[in-house]
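So the chains spell out like this:
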Amino acid sequence: MAALLAAWGAILSKYGVDVPFGDQWDSPVRQLASLRAGDLTLAELTYQHNEGRKLFPNLISLGVAMLAGHYDTRAELIVGPAVFAATLAALLVATRRAASRATCATIAAVATGIAWSPRTAWFHQYSITFERLLPELTLACALSLLVLRGGGWTATLGAIALAGVGQFSFPSGIVAWPLLIGFVLLARRANARVAAAALAGGALAVSALYFHGYVQPPHHSAPSAVLAEPPGRIAGFALAFLGNAFTQARTGVWIGALGLLAWIALAARALRGPPGRERDVRLLWTVYGAFSVALAALTTITRLPMGAAHAARHDYVSQAMPLYVSIAALVLLDVAPKRRHAVHALAIAASVAWASSLASDGFRRELEQRRQDRLRIKACIVLARHHDDDACLRAAYPFAPIGARIDAAAPFLQPPLQDALRLGSAGVGSVDAVEPDGDAFLLAGWAARDGAPADAVAIAADDLARRPARILAIARVGEPRPDLGGAPQGWRARVGVQDGLDPCRLRVYAVDTTTALLHPLASVATRCRTTPAALPPEAVRSPSVFDILVGTPARPGPSSPLWR
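Note that the structure is predicted; figures quoted are calculated from it, not measured. (Residues numbered from 1 in each chain as written. Predicted model: local features only at pLDDT ≥ 70, side-chain atom pairs only at ≥ 80, totals over all residues. Heavy atoms only, no water.)

**Digging into the overall build of the protein**
Alright, step 1. Secondary structure summary: the protein contains 21 helices and eleven strands in total.
Alright, step 2. Against the 2.2 N^0.38 benchmark of 24 Å for 564 residues, the protein shows a C-alpha radius of gyration of 27 Å, consistent with a compact globule.
Alright, step 3. Dimensions along the principal axes, computed over C-alpha positions, put the protein at roughly 90 × 55 × 50 Å.
Alright, step 4. Burial statistics for the protein: of 564 residues in total, 54% are counted as buried. (Helix = DSSP H or I, 4+ residues; strand = E, 2+ residues; numbered from the N terminus. Rg over C-alpha atoms; globule rule 2.2 N^0.38 Å. Buried < 20%, exposed > 50% of the residue type's maximum accessible area, 1.4 Å probe, protein only.)

**Brief notes about the pattern of salt bridges**
Alright, step 1. The tally for this structure, following the rule as stated, stands at 25 salt bridges.
Alright, step 2. The salt bridge partner of E131 is K54, with a shortest N-O separation of 3.3 Å. Highlighted residues: E131 in helix 9 (residues 129-149) and K54 in the loop between strand 2 (52-53) and helix 4 (55-68), separated in sequence by 77 residues. In terms of burial, E131 and K54 fall into one category: buried.
Alright, step 3. Where salt bridges share partners, they join R269, E278, R282 and D334 into one cluster. (Salt bridge = Lys/Arg side-chain N within 4 Å of Asp/Glu carboxyl O.)

**Here's the deal with the side chain of S318**
Alright, step 1. For S318, the location among the structural elements is in helix 16 (residues 317-333).
Alright, step 2. Owing to a relative accessible area of 4%, S318 belongs among the buried residues under this scheme.
Alright, step 3. For S318, the contacting residues outside a window of four places in its chain are F123, L133 and E136. (Contact = heavy atoms within 4.5 Å.)

**Side note on the packing of aromatic side chains**
Alright, step 1. Summed over all chains, the structure comprises eight aromatic pairs.
Alright, step 2. Seen from their ring centres, F84 and W116 are 5.4 Å apart, and the 70 degrees between their planes marks the pair as edge-to-face. With a gap of 32 residues between them, F84 in helix 6 (residues 79-95) and W116 in the loop between helix 7 (101-115) and helix 8 (121-126) connect regions that are remote in the sequence. Here the two residues F84 and W116 agree in accessibility, since each one is buried.
Alright, step 3. Ring-pair connections join several aromatic residues into one group, and the members of that group are F168, Y210, F211 and Y214.
Alright, step 4. The lysine or arginine in question, R30, covers the ring of Y47, its NZ or CZ lying 3.5 Å from the ring centre.
Alright, step 5. In this structure, R374 packs its charged tip against the face of F21, placed 3.9 Å from the ring centre. (Phe/Tyr/Trp six-rings, centres within 6.5 Å; stacked < 30°, edge-to-face > 60°. Lys NZ or Arg CZ within 6 Å of the ring centre and 35° of its normal.)

**What about helix 14 (residues 251-272)?**
Alright, step 1. The end-to-end C-alpha separation of helix 14 is 32 Å, in line with the 32 Å expected for 22 residues at 1.5 Å each.
Alright, step 2. Among the residues of helix 14, G252, G256, A257, G259, W263, L266, A267 and A270 are the ones counted as buried.
Alright, step 3. In this structure, the buried residues of helix 14 make contact with helix 13 (231-243), helix 15 (277-303) and helix 16. (Expected span 1.5 Å × (residues − 1).)

**Looking at the environment of D334**
Alright, step 1. Tracing the chain through its elements places D334 in the loop between helix 16 and helix 17 (340-355).
Alright, step 2. By relative accessible area, which is 28% here, D334 ends up partly exposed.
Alright, step 3. Residues D334 and L266 lie 68 residues apart in sequence; the distance between their C-alpha atoms is 9.5 Å.

**So, the confidence of the model for the protein**
Alright, step 1. Scored by pLDDT, the protein comes out at a mean of 85, with 91% of its residues at no less than 70.
Alright, step 2. In the predicted structure, residues 530-564 sits below a pLDDT of 50 and forms 77 contacts with residues beyond four places in sequence or in another chain. (pLDDT = per-residue confidence, 0-100.)

**Description of the state of the cysteines**
Alright, step 1. One pass over the structure, following the stated rule, counts one disulfide.
Alright, step 2. Each sulfur of the disulfide joining C380 and C392 lies 1.5 Å from the other. Measuring handedness by torsion sign, the sulfur bridge of C380 and C392 sits at about 85 degrees and is right-handed. With C380 in helix 18 (residues 361-382) and C392 in helix 19 (residues 390-394), the pair connects residues that are twelve residues apart, well separated along the chain. With respect to class, C380 is no different from C392; both count as buried.
Alright, step 3. Cysteine C104 remains unbridged, with the sulfur of C141 as its closest cysteine sulfur at 16 Å.
Alright, step 4. Since its relative accessible area comes to 8%, C104 is described here as buried.
Alright, step 5. Overall, C141 belongs to the partly exposed group, its relative accessible area being 25%. (Disulfide = S-S within 2.5 Å.)

**With respect to helix 10 (residues 153-167)**
Alright, step 1. Taking 1.5 Å per residue, 15 residues should reach 21 Å; helix 10 reaches 21 Å between its end C-alpha atoms and fits that length.
Alright, step 2. Turning to helix 10, the residues buried within the fold contact strand 2, helix 9, helix 11 (176-186) and helix 12 (192-210).

Written out as structure tokens, the structure reads:
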């Protein structure tokens with residue numbers, strides 16, 4: 001486990017990009033802005049985002065930002081592996097009561113191999129990983145506490161507190177309440193009914209606070225809408241959600257079905273066992289697997305009316321993994337002593353083989369492509385005050401106008417938004433071609449920095465050192481170049497014809513998103529094959545012909561749709 005987590009940490013360090021993405025623009029950017037303004041309140045920390053009230057993730061993000069000196073999403077990503085390790089440790093501490101160290105180590109290896117694989121790359125690198133893992137951590141700690149301390153008041157009150165933390169971390173935390181109540185009742189202890197009643201009371205109290213002032217998100221369907229769906233579609237969505245841990249293809253439905261059947265069979269076997277430590281441990285892993293089953297039901301209710309594609313979302317992959325980890329744990333706990341060494345060796349070998357693709361060239365190329373996509377987004381954000389491009393900025397937050405969010409986050413971003421563009425030394429790269437394409441020009445070339453692909457390329461209307469900044473396009477770098485030994489340093493850009501634009505005076509700059517410097521690559525004049533004289537006079541003078549395809553020279557502001 002330590003080796004795989006170290007390998008994944010190295011991957012995050014190399015391919016992670018320090019730029020907010022998706023929901024991060026709402027939370028914690030909103031809370032960071034309130035903290036800077038000095039008016040951060042508990043109501044702001046528990047502000048409803050979609051269906052969630054992310055009090056504890058917000059506190060963690062604020063703490064990480066304060067330690068880092070700015071909102072560093074790469075530093076925040078370190079919390080994800082820590083939460084995963086803590087979840088596994090909590091489960092294994094309780095498992096140790098009924099299993100050997102070798103069995104616990106094998107469970108840890110299998111869990112790590114399942115949860116940290118190429119399938120989870122997008123989730124662990126680009127999402128707010130830790131907030132979605134917190135409910136699993138609190139559930140694991142609560143179950144471990146109940147196993148180790150019994151059903152007394154200390155364990156019960158501790159479980160209530162942990163479940164409350166989980167619910168105020170991410171919406172999935174709400175399913176912990178029935179799972180914990182079920183565990184207490186199935187554990188067959190003398191005071192089980194009292195403990196279950198206390199847990200039910202805690203659930204009601206915490207949920208009353210959670211839903212106080214709750215508003216149905218306007219872009220989400222009502223839970224009752226799922227009743228209008230055909231039964232086969234409902235079942236298929238839930239099974240695809242469970243199979244999403246391994247694949248998003250149609251085979252995910254069959255994987256989910258097999259996983260569910262295996263879990264049901266193993267759960268029935270665990271429940272038939274005699275009371276005692278071994279049964280409690282098997283019940284712990286059964287309930288941990290039920291976390292995925294409950295989330296499949298909850299997600300089907302809330303997301304199926306919004307589209308079947310939600311079953312295979314990249315940011316949902318982690319929520320199905322407890323099911324398969326629990327299956328592996330229950331199987332390993334039932335292995336006969338004379339077969340344990342062989343089964344342990346086989347399980348560890350399978351886990352290593354599954355995770356070994358993290359070192360494959362194909363996986364590294366995939367990570368590099370995603371990194372280049374994110375670097376272009378970061379370049380668009382850093383240069384947003386000089387380049388108004390809806391498509392580029394919406395790649396960072398596609399759900400709503402992002403301009404106001406960029407303004408709120410500006411004091412915490414590194415580097416900050418640029419009010420005045422700064423030029424660096426000459427960059428490494430070139431402009432290979434400029435071709436007319438209807439009412440636009442296509443540019444292509446390559447750009448590098450320190451032997452690696454440049455972060456992005458900016459196309460300007462003229463030399464930025466002599467004229468006001470007019471960035472027309474920001475291009476992604478990352479296309480393979482056979483003439484450069486296959487290095488992914490190629491770029492392509494499309495610049496719409498604009499009134500007064502001379503395509504032969506365009507300038508190209510390599511963007512360094514760490515320093516916010518623009519490094520001049522070349523003048524387009526050396527490769528320009530089309531001049532304004534070659535265009536029809538009406539195309540040069542008529543603004544109606546000059547469609548701006550990839551940006552406008554105007555500086556965005558309150559009147560821009562992005563800033564509404």
